[in-house]
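# Understanding the architecture of this molecule
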Amino acid sequence: MGKKCIFRIGIGAVAIKASWQRRWGAFRYISEHADLQAVPLERLMTAQQLEPDTIRAEHLDGLLCGNTDLAKRLVADPLDIPVVYIDTNPDLPLPPHPAEVRLDDEEVVSAAVELGLRRRHTNFAYVGTDQKIERWRSDVRKGIFARLLGRHGQSVASFDFFDFTDLEQRRNAFSGWLTTLTKPCFILAYNDTAAAETLETCHAAHLSVPDQVNLVGVDNATEICETIRPQLTSIEPDFELGGYIATKALHRVLRHGPPQRMLKLSYGIKTLVERSTTRDLRGGGFLVSRALEILQRDFDNPRTTAESLAARLSASRRLLDLRFREIVGRPVHAELERLRIEKAKSLLSNTDLMVSEIAQRCGYKATNTFRNAFRSLTGLAPADYHP
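These numbers come from a predicted model, not from an experiment. (Residues numbered from 1 in each chain as written. Predicted model: local features only at pLDDT ≥ 70, side-chain atom pairs only at ≥ 80, totals over all residues. Heavy atoms only, no water.)

### What to know about the packing of helix H4 (residues 105-118) against helix H5 (residues 135-150)
So the rule is basically this: Axis lines are fitted through C-alpha atoms, for helices just across the contact stretch, and the angle between N-to-C directions can take any value from 0 to 180 degrees. Helix numbers and strand numbers start at the N terminus; a helix is a DSSP run of H or I with at least 4 residues, a strand a run of E with at least 2. Each angle is binned into one of four classes, with values under 35 degrees roughly parallel, values over 145 roughly antiparallel, values of 65 to 115 roughly perpendicular, and all other values oblique. In this scheme the handedness of a crossing depends on how the near helix is turned from the far one: anticlockwise by less than a right angle means left-handed, clockwise means right-handed. In what follows, residue pairs with any heavy atoms lying within 4.5 Å of each other are defined as contacts. Put simply, Ala, Val, Leu, Ile, Met, Phe, Trp, Tyr, Cys and Pro go in the nonpolar bin, Asp, Glu, Lys and Arg in the charged bin, and everything else, Gly too, in the polar bin.
Two elements in contact, H4 and H5, have axes separated by 9 Å at closest approach and are oriented at 45°. Considered as vectors, H4 and H5 are oriented oblique to each other. In this structure, H4 meets H5 at a crossing whose hand is right-handed. Contacts between H4 and H5 pair Asp 105, Glu 106, Val 108, Val 109, Ser 110, Val 113 and Leu 117 from the former with Arg 137, Val 140, Arg 141, Ile 144, Phe 145, Arg 147, Leu 148 and Leu 149 from the latter. The residue makeup of the contact of H4 with H5, split by class, is 9 nonpolar, 1 polar and 5 charged.

Below, the structure written as structure tokens:
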């Protein structure tokens, strides 16, 4: 019988999407290797209840740990099996382990910096998190933001929620800080939750977004980004790749033993999804902003076309394409195709649906049309796609 790999990835209140995507990345690797068996430990009990003795009772060969609370318990009571840690606090004195996998925060912040500089901003600010468990990463991102912008002669203002224990005092201080920033200002928030609070506070302080404040979050939690107004621009880390890489590292250890030196692996971002909080709404910007909101909501409807979109906006197809090329860098049809193919990639990676059903779910009336579009954008047939 082959090795049995058991993994457990915690689901936190702030990063539910991240946790599940890491899990799917791990499952995807495991499904490709018959000698691995997965046992998701949170099916047994919650993260708060999970103890080292519970893990030992499962007689496991290895463990993926993506939960900081569990990592703290393993510091006090180490396991005698190999553990690969994913995105846990680097300040924890972890017991000897063969590998750790971390999100490349430099790549995350660089995406925001590039967007801000491309928009010719000269005033920048950073908003951290109020989650104590995530403060270390927030401080890392703030430092990178300041360092990268310093290379361009720019400084960064920052707001730290941890300076306040009283909620009303914090709310007033945050509002006052936002008001005193030199406008227009480009703000990077630690994550989408912090960005949403920033947007709410801007509204309360009568600050216009995106005219006075451009705002970017991290995680691309669509339940936040696409429900607040204006919709939130966000950087999406490739959490699924992180889970895949971590499982691959653990598999290597199970097969060949621990490496001579601890493996330090990383993964980057999947994309930056630009929405209304960073778009230039002057001139044709408002038209494009509205069009993109409709596309992101209705792209998988087969009735959605460049022509139908122009009609809904009372604009000519030619004008809409012109504005799209100016602001987005591609015509309307190309953006519609991109959104559909991105969804198709996700379905191909995470489901066992037939190609014909995936085509239908992505808004294509004919499977052959979908196949041609997929090959045009990826260079592969749908059946050959393996991220």
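### Some words on the sheet that holds strand S1 (residues 63-65)
This is how it is decided: DSSP-based pairing: two strands are paired if at least 2 bridges between them are found.
If you trace the 4 strands from one edge of the open sheet to the other, you get S1-S2-S3-S9, paired in parallel fashion. Each edge of the open sheet carries a strand with a single partner, namely S1 and strand S9 (263-267). Strand-to-strand twist in this sheet, taken as the mean axis angle between neighbours without regard to direction, amounts to 20°. Pairing geometry for strand S2 (residues 83-86) and strand S3 (residues 99-103), over 3 bridges, is parallel.

### Looking at the pattern of salt bridges
Threshold: By definition, a salt bridge exists where a carboxyl oxygen of Asp or Glu is found within 4 Å of a side-chain nitrogen of Lys or Arg. A 1.4 Å probe rolled over the protein chains alone gives each residue an accessible area, and that area as a share of the maximum for its type sets the label: buried under 20%, exposed over 50%, partly exposed in between.
Tallying each qualifying case throughout the model produces 27 salt bridges. The partner of Arg 102 in a salt bridge is Glu 100, with the nearest N and O atoms 3.6 Å apart. Judged on exposure class, the residue Arg 102 and its partner Glu 100 are both buried. Where salt bridges share partners, they join Arg 22, Asp 87, Asp 105, Arg 137 and Arg 141 into one cluster.

### Thoughts on helix H9 (residues 239-256)
What counts here: Expected helix span is computed as 1.5 Å times (number of residues minus one).
Here H9 is 18 residues long and its end C-alpha atoms lie 26 Å apart, about the 26 Å a rise of 1.5 Å per residue gives. Extensive coverage of H9 is indicated by the burial of 13 of its 18 residues. Positive backbone phi, approximately 90°, marks Gly 257, located one or two places after H9.

### Brief notes about empty space enclosed by the protein
Rule in force here: Buriedness of a pocket was judged along seven lines, with at least five required to meet protein on both sides within 12 Å; pockets are open sets of points on a 1 Å grid over the protein atoms alone, cavities are sets where a 1.4 Å probe fits but cannot get out, and lining residues have an atom within 4 Å of a point. Grid points are joined across faces, edges and corners, and a volume is the space filled by probe spheres set on the points.
Enumeration according to the criterion identifies 1 cavity of 30 Å³ or more in this entry. Lining the largest cavity we find Tyr 126, Gly 128, Thr 129, Arg 135, Ser 138, Asp 139, Lys 142, Phe 159, Asp 160 and Phe 162. Counting residues per element, the lining of the largest cavity draws most heavily on H5, which supplies 4 residues. By residue class, the composition of the lining of the largest cavity is 3 nonpolar, 3 polar and 4 charged.

### Looking at the nonpolar core
Applicable threshold: Working definition of a nonpolar core: buried Ala, Val, Leu, Ile, Met, Phe, Trp, Tyr and Cys residues. They are joined through side-chain atoms within 4.5 Å.
Residues Val 84, Val 109, Phe 145, Phe 186, Leu 188 and Ile 235 are the most contacted members of the largest nonpolar core, which totals 38 residues. Discounting chain neighbours no more than four positions away, the residues touching Leu 188 are Val 109, Ala 112, Ala 125, Tyr 126, Val 127, Phe 145, Val 216 and Val 218. Among the nonpolar cores identified, the runner-up in size contains 26 residues, and Leu 181, Leu 199, Val 213 and Ala 221 belong to it.

### Remarks on the packing of aromatic side chains
Using the following cut-off: Working definition: a ring pair exists when centres of Phe, Tyr or Trp rings (six-membered ring for Trp) sit within 6.5 Å. Plane angles under 30 degrees give stacked, over 60 give edge-to-face, the rest tilted. In this scheme, the term charge over a ring applies when either NZ of a lysine or CZ of an arginine sits within 6 Å of the ring centre and within 35 degrees of the ring normal.
A full pass over the atoms with the stated rule returns 15 aromatic pairs. Ring geometry for Trp 24 versus Phe 27: centroids 5.7 Å apart, planes at 45°, classification tilted. Of this pair, Trp 24 and Phe 27 are both found in helix H1 (residues 16-31), 3 residues apart, which corresponds to roughly one turn of the helix. Relative to Phe 161, the ring of Phe 159 has its centre 5.2 Å away and its plane inclined at 75°; by these criteria the two rings are edge-to-face. Here Phe 159 matches Phe 161 in class, with each residue buried. Positioned above the aromatic ring of Tyr 364 is the side chain of Arg 340, whose terminal nitrogen or guanidinium carbon lies 5.5 Å from the ring centre.

### Here we look at the layout of surface pockets
By volume, the largest pocket is sized at about 1,400 Å³. Take the lining of the largest pocket: its biggest share by element is 9 residues, from helix H13 (residues 332-350). Of the residues belonging to the lining of the largest pocket, the class tally is 14 nonpolar, 8 polar and 19 charged.

### Some words on the confidence of the model for the chain
Cut-off, in case you're wondering: Per-residue confidence from the prediction method is given by pLDDT, with values spanning 0 to 100.
A residue-level look at the chain finds 92% of positions with pLDDT of 70 or above and a mean pLDDT of 88. Model confidence for the chain, summarised as mean pLDDT per element, is weakest for helix H10 (residues 285-298) at 83 and strongest for strand S4 (residues 124-127) at 98. Contacts of residues 8-15 to residues separated by more than four positions or lying in other chains number 30 contacts, the stretch itself having pLDDT below 50.

### Points about the sheet that holds strand S8 (residues 233-237)
On the basis of which strands lie adjacent, the open sheet formed by 6 strands has the order S5-S4-S6-S7-S8-S10 and mixed pairing. Looking at which strands have only one partner, the edges of the open sheet turn out to be strand S5 (156-159) and strand S10 (269-273). Strand after strand, the sheet turns through a mean of 20° between neighbouring axes, direction not considered. The sheet contact formed by strand S7 (residues 213-218) and S8 spans 3 bridges and is parallel. Each bridged residue has a counterpart across the sheet, and for Val 216 the counterpart in S8 is Thr 233.

### Some words on the packing of H13 against helix H15 (residues 367-378)
When two helices pack together, you describe them by how their axes are tilted relative to each other and by the distance separating the axes. Interaxial distance between H13 and H15 falls to 10 Å at its minimum, and their mutual angle equals 95°. Comparing their axes, H15 and H13 come out roughly perpendicular. Mapping the contact onto sequence places Glu 337, Arg 338, Ile 341, Ala 344, Lys 345 and Leu 348 in H13 and Phe 370, Ala 373, Phe 374, Leu 377 and Thr 378 in H15. Each residue belonging to the contact of H13 with H15 can be placed in one class, and the counts come to 7 nonpolar, 1 polar and 3 charged.

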